[in-house]
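This is what each chain is made of:
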Amino acid sequence: MINRILIRIKVVQMLYSYFLTQEDKSFVDAKKELKKSLELAYELYNYIFVLMVELTDLQDRRLDAAKNKYLPTEEDLHPNMKFVDNLCIKRLRNSMSYVEYQKENKLTWHDDDIFLKLLLDKVLKSDVYAAYMAKPGNDFVEDCELWRDLLKRVILVDDDFVDQLESKSVYWNDDLETIGTFVIKTIKRFETEGDKAFMPMYKDEEDSLFGEQLFTKTVQGRERCDNLINKFIVTENWDADRVALMDRVVMDVAITEIINYPAIPTRVSLNEYIEIAKYYSTPRSGQFVNGILNSIINYLKAERIIVKE
């Protein structure tokens, strides 16, 4: 679930923080923070599934309470239970992956009851919900589609939801777009794969070690990377002293990956770090990082330091 794109972003973020505050943070503490941030990203993946279940349970309680009003209406007594009986939620609730993770971690939104009520109101007022409830009966594919649409069009884009995440973890707002995509993909895979649709934290052991190794190798080889960067900054007539720290960190990590991971094509590494620079640094960073890294890659190939494409 935590793929190399997300790992690269986390490594860049943690190294930026580490290089900025080396006097206050040890190398060991920085690595622990990296590990924690990756674990929290997987926690967010599961938290979104818990949110889906708890929104459904809240609506079930509301409908049940309405039946016991002093003067219930016909609609109160015989509510449309389609949303509560959603087959996607039933499969999620009974999934062994979901049950086991919950048993160990006990994630809940119960402490955020006001937020949960307000978010449910937004769901119930949405066009997505109205269109879904207008169709008779429950169909598994349509029920999964409802939650994909609610996540994309109502929940993940809701400002209050984003604020709520920020109050729980400083890392989650940066993770939300990527993790939200993983959740939506998982729901899509429910239709054919069942419990196997749930993504493990890492694809394999190699991926689980990638972040820590890349972090460590970048710190150990930073001087070499910076010397390469400075060499080509001068060649391209840039002012080395005016290069943003984030740009340097992005290039440090990119060079480390390009040199130390022969199985990863240089073009893959280059494209990933250009995008990270565009998103996390200055408007000109993508072009700048692209130019310097391309020059460094050509040099490394000419010197036979790397022999990959």
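Before reading further, recall that the structure is shown in the block above.
Residues numbered from 1 in each chain as written. Predicted model: local features only at pLDDT ≥ 70, side-chain atom pairs only at ≥ 80, totals over all residues. Heavy atoms only, no water.

Peer 1: Help me understand the packing of aromatic side chains, please; the structure alone is not making it clear to me.
Peer 2: Ring pairs (aromatic) are described by centroid distance and by the angle formed between their planes. The final tally for this structure, using the stated rule, is 19 aromatic pairs. Between F49 and F198, the aromatic rings sit 5.0 Å apart at their centres with planes inclined by 55°, giving tilted as the arrangement. Here F49, found in helix α2 (residues 27-67), pairs with F198, found in the loop between α10 (172-193) and α11 (205-220); they are 149 residues apart in sequence, far enough to count as distant. Both residues of the pair, F49 and F198, belong to the buried class. Relative to F161, the ring of F115 has its centre 6.3 Å away and its plane inclined at 20°; by these criteria the two rings are stacked. Of this pair, F115 sits in helix α6 (residues 113-125) while F161 sits in helix α9 (residues 159-168); the two residues are 46 residues apart in sequence, bridging distant segments of the chain. Accessibility assignment for this pair places F115 and F161 in one class, buried. Taken together through their ring pairs, the aromatic side chains of Y42, Y45, F49, Y101, F190 and F198 make up a single cluster. The cationic tip of R4 hangs over the ring face of F210; the distance from NZ or CZ to the ring centre is 4.3 Å. For the cation-ring pair, K168 lies above W109, with the distance from its terminal atom to the ring centre recorded as 5.0 Å. (Phe/Tyr/Trp six-rings, centres within 6.5 Å; stacked < 30°, edge-to-face > 60°. Helix = DSSP H or I, 4+ residues; strand = E, 2+ residues; numbered from the N terminus. Buried < 20%, exposed > 50% of the residue type's maximum accessible area, 1.4 Å probe, protein only. Lys NZ or Arg CZ within 6 Å of the ring centre and 35° of its normal.)

Peer 1: Help me understand the packing of α6 against helix α8 (residues 140-155) in this model?
Peer 2: The relative placement of two packed helices is expressed as an angle between their axes plus a distance between the axes. Two numbers describe how α6 lies on α8: the axes approach to 11 Å, and their chain directions differ by 110°. Classed by the angle they form, the pair α6 and α8 counts as roughly perpendicular. Contacts from L119, K122 and V123 in α6 reach L150, V154 and I155 in α8. Residue composition of the contact of α6 with α8, grouped by class: five nonpolar, no polar and one charged. (Axes fitted to C-alpha atoms, helices over the stretch in contact; angles between N-to-C directions. Parallel < 35°, antiparallel > 145°, perpendicular 65-115°, else oblique. Contact = heavy atoms within 4.5 Å. Nonpolar A, V, L, I, M, F, W, Y, C, P; charged D, E, K, R; others polar.)

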